[in-house]
Amino acid sequence: MAIVLWVVFLVVIGSAAIAGFSAAPWVPTLANQRRHLLDNLVIEPGQTVVDLGSGDGSMLFEIARRYPNTSCTGYEISLFPLALAWTRKLLYCRAYKNVHLHFGNLFKQDLHQFDVIFIFLLEKCYPKLVASLKGKVAPHAKVVIEAWPLPDIELTEMLKADGLLPIYIYSGIHLQP
């Protein structure tokens, strides 16, 4: 039994380390940051939303609550926050029937079907991120980045508020090959 617990522990820690080194450690977006973003971002009924590096799903669950006709998908490679998100979805399955959570590498996802793409990562991974987004994003999509701007990509809009991280919004048309 002790060996099984150690293996589970190492897998969970290993997945967190991979996430931290490849993109960002799990740091949930603060509630006031989520509110500010969603109060200022237009999401239409029926649109599809993806959160790359969705962590515990807090952004997706807030979107699902506000926009019940929106399909919300999250990809996360770190098992602990993903397990928290799966637990929340199971506990409130009726409220979050439009939330879909997946274990997966954010750099390897096809994003053409999504209208709004949320990415809150460390700036160090932006060159790899931009390369992985080129040609995988629909021209009409909104790409929403928290904290630091993408290098060499034309900015569509910036949201700023006192005491909050800036939010950068890009059009998918600027991420075409």
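Everything in this summary refers to the structure shown in the same document.

Calculation criteria
One numbering rule holds for all chains: residues counted from 1, following each sequence as written. Local features in this predicted model are restricted to residues whose pLDDT is 70 or higher, and side-chain atom pairs enter the listing and the counts only when it is 80 or higher, whereas totals over whole chains, interfaces and linings include all residues. Remark: hydrogens and water are excluded; side-chain values derive from all non-hydrogen atoms of the structure. Each reported salt bridge corresponds to a side-chain nitrogen of Lys or Arg within 4 Å of a carboxyl oxygen of Asp or Glu. Where helices and strands are cited, they refer to DSSP runs of H or I of at least four residues and of E of at least two residues respectively, numbered from the N terminus. To define axes, lines are fitted to C-alpha atoms, for helices over the stretch in contact only, and angles between the resulting N-to-C directions are given on a 0 to 180 degree scale. Each angle gets one of four labels, with under 35 degrees taken as roughly parallel, over 145 as roughly antiparallel, 65 to 115 as roughly perpendicular, and the rest as oblique. The handedness criterion is simple: a crossing whose near helix is rotated anticlockwise from the far helix by less than a right angle is left-handed, and one whose near helix is rotated clockwise is right-handed. Any two residues whose heavy atoms approach within 4.5 Å at even a single point are treated as in contact. Three categories are distinguished: nonpolar for Ala, Val, Leu, Ile, Met, Phe, Trp, Tyr, Cys and Pro, charged for Asp, Glu, Lys and Arg, and polar for the others, with Gly belonging to the last. For the purposes of this section, nonpolar cores are sets of buried Ala, Val, Leu, Ile, Met, Phe, Trp, Tyr and Cys residues that join through side-chain atoms within 4.5 Å. The buried label applies to any residue whose accessible area, calculated with a 1.4 Å probe on protein chains only, is under 20% of its type's maximum; exposed applies above 50%, and partly exposed to all values in between. For two strands to pair, DSSP has to find at least two bridges joining them.

Counted according to the given criterion, the structure contains three salt bridges. A salt bridge links Arg65 to Glu62, with the shortest nitrogen-to-oxygen separation between them at 2.6 Å. Highlighted residues: Arg65 and Glu62, both in helix α3 (residues 58-66), separated by three residues, approximately one helical turn. Here Arg66 ties to Glu62 by a salt bridge, and the two come within 3.2 Å at their closest N and O atoms. Remark: Glu62 and Arg66 occur in helix α3; sequence separation between them is four residues, near one turn of the helix. Salt bridges sharing partners connect three or more residues here, namely Asp39, Glu62, Arg65 and Arg66.

As a further point, take the packing of helix α2 (residues 31-40) against α3. Contact geometry for α2 and α3: axes closest at 11 Å, N-to-C directions at 45°. Relative to α3, α2 is oriented oblique. When you trace α2 past α3, the crossing you get is right-handed. Contacts from Arg34, Arg35, Leu37, Leu38 and Asp39 in α2 reach Ser58, Met59, Glu62, Ile63 and Arg66 in α3. The class makeup of the residues in the contact of α2 with α3 is four nonpolar, one polar and five charged.

Let's shift gears to the nonpolar core. Ranked by size, the top nonpolar core spans 25 residues in total, and within it Ile117, Ile119, Leu129, Val143 and Ile145 carry the most contacts. Mapped by element, the contributors of at least two residues to this core are β1 (48-52), β4 (116-119), α5 (126-133), β5 (142-146) and β7 (167-171). It is α5 that provides the largest number of residues to this core, a total of four residues. For Ile119, the residues in contact, after removing those within four places along its chain, are Leu52, Leu129, Leu133, Val143, Val144, Ile145 and Glu146. Formed by 24 residues, the second largest nonpolar core is a distinct cluster that contains Met59, Leu60, Tyr96 and Ile169.

A few words now on the sheet that holds strand β6 (residues 157-159). Think of a sheet as strands paired side by side through backbone hydrogen bonds, with each pair either parallel or antiparallel. Judged by pairing direction, the sheet is mixed, and its seven strands sit side by side in the order β3-β2-β1-β4-β5-β7-β6 without closing on themselves. Of all the strands in the sheet, the pair left with one neighbour each is β3 (99-103) and β6. This sheet shows a mean twist of 20° between the axes of neighbouring strands, independent of strand direction. Note: strand β2 (residues 71-76) against β3, five bridges, orientation parallel. In the strand pairing of β3, Tyr75 is matched with His102. Lying on the sheet, helix α4 (residues 79-91) is in contact with β2 and β3; it crosses β3 at an angle near 155°. Running at roughly 170° to β5, α5 makes contact with β4 and β5 of the sheet.

So far we have only geometry, and geometry alone does not tell us how the molecule works.
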